[in-house]
Amino acid sequence: MTTSNKKILRIVLGDQLNASHSWYMEDKKTFDVLMVEVREEASYVRHHIQKLVAFFASMRAFSETLKDLGVSVRYVPLDDPQNSHSLCGEIKRLVATGEYHKVQYQAPDEYRVKKAFEDLHDNLKIPVECVSSEHFLTTPEFFAKLFKGKKRYVMESFYRAVRSERGYLMEDGSPLGGRWNFDAENRKKLPKGHTPPASYELSQDVTPIVTMIEKQKIPYLGSIKPAAFPWPITREEAIETLSYFCKHLLPLFGLYQDAMHTDHAFLYHSRLSFSLNVKHLSPDEVIKAAISAFEKSDGAISLAQIEGFVRQIAGWREFMRGVYWTHMPEYESLNALNATTPLPHYFWDADTKMNCVKHAVKQSLEESYAHHIQRLMVTGNFALLTGINPDEVDEWYLGIYIDALQWVQLPNTRGMSQYADGGIVGTKPYMSSGAYINKMSNYCSGCFYNHKEKFEDKGCPFNSLYWDFLMRHEETLSKNPRIGMGYQLLKKMSSEDKEAIRTKAAHVLSNIENL
């Protein structure tokens, strides 16, 4: 076969499901698309069953979308007898046919995949080319330039730069309303008797995919209702979910975005993170849709609500990606607080007397989802205070959540949640006693432990652990101005109270599996 008759082989990963990519505007006769379901991706950590299903179902739906556009797709399912179960192995297998003169791939979002593709450059006898995924608002170069010569990364500075460049919620070069950030107004507990609107849920039968996963003996965690799968797996379904959010949930999103409640798993959260992370939706279109709803709402959506939503996507999401690519691969081995405690069993089975942890974990096992405060201030807070090994914390978060890809999970978990990066992401460790959890949720009501007690037998474990954490890490953290108040209060404590805290915390830690 002559070079003129050969095609380009274009690789599409499970998180690159963007039919608007410029690839698909080109002459369809010049390229084939390869999509592969491989064991190495399905099992590099133990994933939630809903996460596995969501990726496979979305990939299969996307392959049909491409075919409808006239694109030639070579799709290798997990149970294909010839599947080598290695992405690079499948690429090599096709290249060996002699049908292709070049391999192209979109820039991967994860470091390990990037390295795998770089190895292909050396192992294939035809050119291998990387192109942009055309998804994100910023580039790693934008991040590096913004913080060049700076000692610390400040998300607020990054967020303002992105808004200024993109024009989100800007007016004549200044932030709309004269303020960049309304975070202080977005920390309300859900009032008693308040019922959020129902979340937008689809219901589709994914039984064949579940059956395939089980037959292939792919290990997984969590549960699923195969006949009523609730997550969007196509762009059209993602757009429906976005529209529902803008109409029904955005009006009170900011106000209650930090709230937690046993009766309402999703509250006012959009649950668009999976659709964003597999690129069914672009961050730009999501932000613009929300801003459009705000502008048309005639005051029903306040500036504080929309700003809080924009900050999550234009701020945190892009900021975390910048941190990830700036510090990988060293970042995934950082352990600044020398945490070594094994992850307790109830992170896998929710069998604990701590009502907050029980609820957050049980919801995660059932839904493959928990919102950012459940992740940060319940499970993450507990892991931080007890000194759980960040390797185990990373593995749990990466596996259990449907939206967890390493580029966004790792800096959120090892950085912001566990402070294992020593302050690269967060200016302080995000920790609290039981008082914060009681303030932002109804979890403490009816709990076996008393959120008001420190030393007593039924004193909330978070209370003694909080103060013990400050004492354990005083040399490292006492000069941090953002937690200075905690150390000021610690100085005022009697030596007897401090010793009682140490004793109680030691008991908690030695009995961590029985809490």
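Here is what the cut-offs are and how they apply
- Residues numbered from 1 in each chain as written.
- Predicted model: local features only at pLDDT ≥ 70, side-chain atom pairs only at ≥ 80, totals over all residues.
- Heavy atoms only, no water.
- Phe/Tyr/Trp six-rings, centres within 6.5 Å; stacked < 30°, edge-to-face > 60°.
- Helix = DSSP H or I, 4+ residues; strand = E, 2+ residues; numbered from the N terminus.
- Buried < 20%, exposed > 50% of the residue type's maximum accessible area, 1.4 Å probe, protein only.
- Lys NZ or Arg CZ within 6 Å of the ring centre and 35° of its normal.
- Expected span 1.5 Å × (residues − 1).
- Arc of directions from axis to C-beta.
- Contact = heavy atoms within 4.5 Å.
- Pairing = 2+ DSSP bridges.
- Axes fitted to C-alpha atoms, helices over the stretch in contact; angles between N-to-C directions.
- Salt bridge = Lys/Arg side-chain N within 4 Å of Asp/Glu carboxyl O.
- Lys, Arg positive; Asp, Glu negative; His and termini not counted.
- Polar contact = N/O pair within 3.5 Å; in protein donor to acceptor, adjacent residues only side chain to side chain.

A. Summary view of the packing of aromatic side chains. Following the criterion strictly, the structure yields 33 aromatic pairs and no others. For the ring pair Y200 and Y244, a centre distance of 5.3 Å and an interplane angle of 35° mean the geometry is tilted. One end of the pair, Y200, is in the loop between β8 (174-175) and α7 (207-215); the other, Y244, is in helix α8 (residues 235-249), with 44 residues separating them in the sequence. Note on Y200: relative accessible area 25%, which makes it partly exposed. For R10, the ring lying beneath its charged end belongs to F31, and the centroid distance is 4.4 Å. Above the plane of the ring of W231 lies R271, whose end atom (NZ or CZ) is 4.9 Å from the centre.

B. Layout of helix α21 (residues 495-510). The terminal C-alpha atoms of α21, which comprises 16 residues, lie 22 Å apart, in line with the 22 Å expected from a rise of 1.5 Å per residue. If you check which residues of α21 are buried, you get I501, K504, A505 and V508. Buried positions in α21, seen along its axis, are confined to an arc of 100° and lie on one side of it. Opposite its buried face, α21 presents the exposed residues S495, E496 and S510, each directed more than 90 degrees away. In the core, the buried residues of α21 are packed alongside α18 (461-472).

C. Expanded view of the sheet that holds strand β1 (residues 7-11). Taken in spatial order, the 5 strands make up an open sheet running β4-β2-β1-β5-β6, and their pairing is parallel. Each edge of the open sheet carries a strand with a single partner, namely β4 (72-76) and β6 (128-131). Across the sheet, the axes of successive neighbouring strands diverge by a mean angle of 25°, strand direction being ignored. Where β1 meets strand β2 (residues 31-36), 4 bridges bridge the pair, whose relative direction is parallel. When the bridges of β2 are listed, I8 appears paired with F31. Together, β1, β5 (100-106) and β6 form the strand contacts of helix α4 (residues 111-123), whose direction differs from that of β6 by roughly 150°.

D. Representation of the pattern of salt bridges in the model. Within this structure, the stated rule accounts for 24 salt bridges. Among the salt bridges present, the one from E37 reaches R60, with a minimum N-O distance of 2.7 Å. Separated by 23 residues along the polypeptide, E37 in the loop between β2 and α1 (39-42) and R60 in helix α2 (residues 49-68) bring together distant segments of the chain. For R112, the salt bridge is made with E41, and the minimal N-O distance between the two is 2.8 Å. Remark: E41 occurs in helix α1 and R112 occurs in helix α4; sequence separation between them is 71 residues. Each member of the salt-bridge network shares a partner with another, and the members are E41, E110 and R112.

E. Broad picture of the side chain of R317. Among the secondary structure elements, R317 is positioned in helix α11 (residues 303-327). No salt bridge forms around the buried R317; measuring N to O, its nearest opposite-charge neighbour E318 is 4.3 Å away. Of note is the side chain of R317, whose polar atom sits 3.1 Å from the side chain of H135. When sequence neighbours within four positions are dropped, the list of residues in contact with R317 reads H135, F136, L276, N277, P283, Q312 and W407.

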